[in-house]
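Report on the structure
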Amino acid sequence: MADSVMGVFGGTFDPIHFGHLRTAHELLKALSLSEVRFLPCGLPPHRARPVASAPERLAMVGVALEGQQGFVLDDRELERDGPSYSVDTLESLKQDFPDTALCLIVGMDAFLGLPRWHRWQRIVELAHIVVAHRPGWRVPYRGPLGEILRERRSRQPQELRGVDAGRIYVHPVTQLEISSTEIRDLIRSGNDPRFLLPEKVRERISQSGCYSRSH
């Protein structure tokens, strides 16, 4: 049995916003996690290259997490060459924290695409998967995900503490209709993203001009 349980929250964070932070906060509390570790993605394998540079995104996440107890910034994906595969990140974290159970936090949309992830079956050997569930998405009952849910789904968060990895837990979170793409479009069109993301992140974006430039 692991000594503690850590949330692993990856993403491009291009930019990070209150939707990300609220989800992490709710899961930190509901699952009694020791921490939620934010890992900005270097080169996402399943989507377009981020608009803001890696140092800019790292800085934005850093200021967003300042003073937030239980939130930790981790730059290992930005330090690694090549695509940022979750399985590589989890193997690296497991080496650094061998006595900690890892909970990979994903949205339902990402979870539905899990069978297309690089070495996805290895992921459930390294970590639990915590699916942040929002209204409008349905839990799959068929196919490889339906099968794995029947075998591995936990109904109570306490069950994640009994084993080091391999469980899937679906937890509802507050629905905040905020997207990084919409924030970037808003800024590019000359509008103000105030109240969609932390003020320090908004200031950082304004100073760097990372989304005002043509891409």
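Residues numbered from 1 in each chain as written. Predicted model: local features only at pLDDT ≥ 70, side-chain atom pairs only at ≥ 80, totals over all residues. Heavy atoms only, no water.

**Some words on the nonpolar core**
Core analysis: the biggest nonpolar cluster contains 36 residues, and Ile16, Val36, Phe38, Phe71, Val201 and Ile205 have the highest contact counts within it. Listed by contribution, the elements that provide at least two residues to this core are β1 (4-11), α1 (18-30), β2 (35-40), α2 (54-65), β4 (100-107), β5 (128-133), α8 (180-188) and α9 (199-208). When residues of this core are assigned to their parent elements, the largest contribution, 5 residues, is made by α2. The contact partners of isoleucine 205, leaving out residues within four places of it in the chain, are Pro15, Met60, Ile187, Leu197, Cys210 and Tyr211. Val106, Leu126, Leu145 and Leu149 belong to the second-largest nonpolar core, a separate cluster that totals 26 residues. (Core = buried A, V, L, I, M, F, W, Y, C linked by side-chain atoms within 4.5 Å. Buried < 20%, exposed > 50% of the residue type's maximum accessible area, 1.4 Å probe, protein only. Helix = DSSP H or I, 4+ residues; strand = E, 2+ residues; numbered from the N terminus. Contact = heavy atoms within 4.5 Å.)

**Here's the deal with the pairing of strand β7 (residues 168-172)**
With 4 of its 5 residues buried, β7 lies for the most part within the structure. For β5 and β7, the ladder comprises 5 bridges, and the chain directions are parallel. Each residue of the ladder has a partner; that of isoleucine 129, found in β7, is isoleucine 168. (Pairing = 2+ DSSP bridges.)

**Focus: the environment of phenylalanine 71**
Here phenylalanine 71 lies in strand β3 (residues 71-73). As a C-alpha pair, phenylalanine 71 and glutamate 182 span 111 residues in sequence and 25 Å in three-dimensional space. Leaving out residues up to four positions away in the same chain, phenylalanine 71 has contacts with Leu21, Ala24, His25, Leu28, Val36, Phe38 and Leu65.

**Focus: the pattern of salt bridges**
Within this structure, the stated rule accounts for 16 salt bridges. With its nearest N and O atoms 2.7 Å apart, the salt bridge here joins glutamate 35 to arginine 37. Of the two residues, glutamate 35 and arginine 37, both sit in the buried class. Residues arginine 76 and aspartate 96 are paired through a salt bridge, measuring 2.9 Å at the closest nitrogen-oxygen approach. Of this pair, arginine 76 sits in helix α3 (residues 76-79) while aspartate 96 sits in helix α4 (residues 86-96), and the two are 20 residues apart along the sequence. Judged by its relative accessible area of 46%, aspartate 96 falls in the partly exposed class. One network of salt bridges, with partners in common, ties together Glu35, Arg37, Asp74, Arg76 and Asp96. (Salt bridge = Lys/Arg side-chain N within 4 Å of Asp/Glu carboxyl O.)

**Overview of the packing of α2 against α9**
One way to put it is that α2 packs onto α9 with a least axis distance of 8 Å and a crossing angle of 150°. Relative to α9, the element α2 lies roughly antiparallel. Pair α2 / α9 crosses with right-handed handedness. Two secondary-structure elements touch here, α2 through Glu56, Ala59, Met60, Val63 and Ala64 and α9 through Lys200, Val201, Arg204, Ile205 and Ser208. The residue makeup of the contact of α2 with α9, split by class, is 6 nonpolar, 1 polar and 3 charged. (Axes fitted to C-alpha atoms, helices over the stretch in contact; angles between N-to-C directions. Parallel < 35°, antiparallel > 145°, perpendicular 65-115°, else oblique. Left-handed = near helix turned anticlockwise from the far one by under 90°. Nonpolar A, V, L, I, M, F, W, Y, C, P; charged D, E, K, R; others polar.)

**Side note on the pairing of β4**
Judged by how many residues are buried, β4 sits mostly within the fold: 8 of 8 residues are covered. Side chains Thr100, Leu102, Leu104 and Val106 of β4 all project onto a buried face; the interleaved residues Ala101, Cys103, Ile105 and Gly107 project onto the opposite face, where all are buried too. Pairing of β1 with β4, which is carried by 5 bridges, proceeds in the parallel orientation. Residue pairing in the sheet places valine 8 in a bridge with leucine 104 of β4. Taken together, the 5 bridges between β4 and β5 define a ladder with parallel strand orientation.

**Observations concerning the sheet that holds β3**
Strand-to-strand pairing in sheets goes through backbone hydrogen bonds, with the strands running parallel or antiparallel. Judged by pairing direction, the sheet is parallel, and its 7 strands sit side by side in the order β3-β2-β1-β4-β5-β7-β6 without closing on themselves. Across the chains shown, the open sheet's two edge strands, defined by having one partner strand only, are β3 and β6 (153-154). The pairing of β6 with β7 spans 2 bridges and is classified as parallel. Counted as the bridge partner of arginine 153 is isoleucine 168 from β7. Those strands touched by α1 are β1, β2, β3, β4, β5 and β7, and its axis lies near 150° from that of β2.

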